[in-house]
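What follows is each chain in one-letter form.
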Amino acid sequence: MRTRLGVGLAAGLLGGLVAGAVLWALWILPTLGVLLQEPTAGRGFLVHLGLSLVAGASFGPVVGVPRTWAKGLLAGAALGTVVWMVGPLLLVPAMLGFPAQLPFFWHYGASLGAYLTYGVVTGLSATALGLHAAGGGAGT
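About the cut-offs
- Residues numbered from 1 in each chain as written.
- Predicted model: local features only at pLDDT ≥ 70, side-chain atom pairs only at ≥ 80, totals over all residues.
- Heavy atoms only, no water.
- Helix = DSSP H or I, 4+ residues; strand = E, 2+ residues; numbered from the N terminus.
- Rg over C-alpha atoms; globule rule 2.2 N^0.38 Å.
- Buried < 20%, exposed > 50% of the residue type's maximum accessible area, 1.4 Å probe, protein only.
- Areas by Shrake-Rupley, 256 points an atom, 1.4 Å probe, with all protein chains shown as cover.
- Patch = residues over 30% accessible without salt bridge, like charges linked within 9 Å, V, L, I, M, F, W, Y side chains within 5 Å.
- Salt bridge = Lys/Arg side-chain N within 4 Å of Asp/Glu carboxyl O.
- Core = buried A, V, L, I, M, F, W, Y, C linked by side-chain atoms within 4.5 Å.
- Contact = heavy atoms within 4.5 Å.
- Bend = angle between axes of the 7 residues up to and from the residue.
- Phe/Tyr/Trp six-rings, centres within 6.5 Å; stacked < 30°, edge-to-face > 60°.
- Expected span 1.5 Å × (residues − 1).

Undergrad: Sorry, what's going on with the overall build of the protein here?
TA: Of the regular secondary structure elements, the protein holds five helices and zero strands. The order of α-helices and β-strands along the protein, N terminus first, is α-α-α-α-α. Against the 2.2 N^0.38 benchmark of 14 Å for 140 residues, the protein shows a C-alpha radius of gyration of 15 Å, consistent with a compact globule. A principal-axis box enclosing the C-alpha atoms of the protein has dimensions of 45 × 30 × 25 Å. Looking at the protein as a whole, 39% of its 140 residues are labelled buried. With an accessible surface of roughly 7,200 Å², the protein has 75% of that area assigned to carbon and sulfur atoms.

Encoded structure:
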């Protein structure tokens, strides 16, 4: 798990599990389930977890392993914002045959919170995994 890709995948999985709970609480998961032809929370969770792994796999190689908690937090918040813009505002509408929702971003505030949660948990998890692999340390 010492590779950037491995850290990104593990951190993305952790972030995806936490954000999945947030999306479930907001009742957004069934909307994602539509992408698998069935608007259920279970199918939506599968879509969300798959996208979380893809984003995590991208995070590791692109950002690397943050060496401080502050860098992990900031990189994670940036990741969450990018995933929110690409996912609910661009990719999901396009897959459903709708135009991009960027002009209506304010309607997606709840999902922004969920994806910021995803990004922050992913960034901090990557930091924790990196510090653990390096032999510990509190980071600054």
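Moving on from the model shown.
Undergrad: Even after reading the chapter, I still don't get a nonpolar patch on the surface, so can you show me in this structure?
TA: A grouping of Leu51, Val82, Met85, Val86, Leu90, Leu91, Met95 and Leu102 is seen on the molecular surface, where their side chains present a nonpolar patch of about 640 Å² in accessible area. Among the elements that make up the nonpolar patch, the one with the highest residue count is helix H4 (residues 69-95) (six residues). Topologically, methionine 95 is positioned in helix H4.

Undergrad: I'm lost on the nonpolar core in this one. Help?
TA: Nonpolar side chains in soluble globular proteins generally cluster together in the buried interior. Leu23, Leu32, Leu79, Val83, Tyr115 and Tyr118 are the most contacted members of the largest nonpolar core, which totals 22 residues. At six residues, H4 tops the list of elements feeding residues into this core. The residues touching tyrosine 115, leaving out its near neighbours within four places in the chain, are Leu23, Leu32, His48, Gly80, Val83, Trp84 and Pro88.

Undergrad: Help me out: how do you make sense of H4 in this one?
TA: Of all the bends in H4, the greatest, near 35°, is centred on glycine 87, and the proline proline 88 appears no more than four residues after it. Restricting attention to buried positions, one finds in H4 the residues Gly72, Ala75, Gly76, Leu79, Gly80, Val83, Trp84, Gly87, Pro88, Leu89, Val92 and Pro93. Of the surrounding secondary structure, the elements contacted by the buried residues of H4 are helix H2 (29-33), helix H3 (41-63) and helix H5 (109-133). Backbone geometry just downstream of H4 places glycine 97 in the positive-phi region, at approximately 85°.

Undergrad: How should the packing of aromatic side chains be read in this particular structure?
TA: The description of an aromatic ring pair uses the distance of the two centres, along with the angle that the planes make with each other. Considering all chains together, one arrives at two aromatic pairs under this definition. On the basis of an interplanar angle of 70° and a centroid distance of 6.1 Å, the ring pair of phenylalanine 104 and tryptophan 106 is categorised as edge-to-face. Arranged with centres 5.6 Å apart and planes meeting at 80°, the rings of phenylalanine 105 and tryptophan 106 form a pair that is edge-to-face. Look at phenylalanine 105 and you get partly exposed, because its relative accessible area is 45%.

Undergrad: Which parts of the structure should I look at to understand H5?
TA: Every α-helix carries 3.6 residues per turn, so stepping three or four residues along brings you back to the same face. The end-to-end C-alpha separation of H5 is 36 Å, in line with the 36 Å expected for 25 residues at 1.5 Å each. The set of residues buried in H5 consists of Ser111, Ala114, Tyr115, Tyr118, Gly119, Thr122, Gly123, Ser125, Ala126, Thr127, Gly130 and Leu131.

Undergrad: In this structure, what is going on with the pattern of salt bridges? I would like to understand it.
TA: Pairs may arise between side chains of opposite charge once their charged atoms sit close together. Enumeration over the complete set of coordinates arrives at one salt bridge. With its nearest N and O atoms 3.4 Å apart, the salt bridge here joins arginine 43 to glutamate 38. By relative accessible area, arginine 43 is classed as partly exposed at 32%. Using a relative accessible area of 32% as the deciding quantity, one classes glutamate 38 as partly exposed.

No statement about biological role is implied by the geometric values presented.
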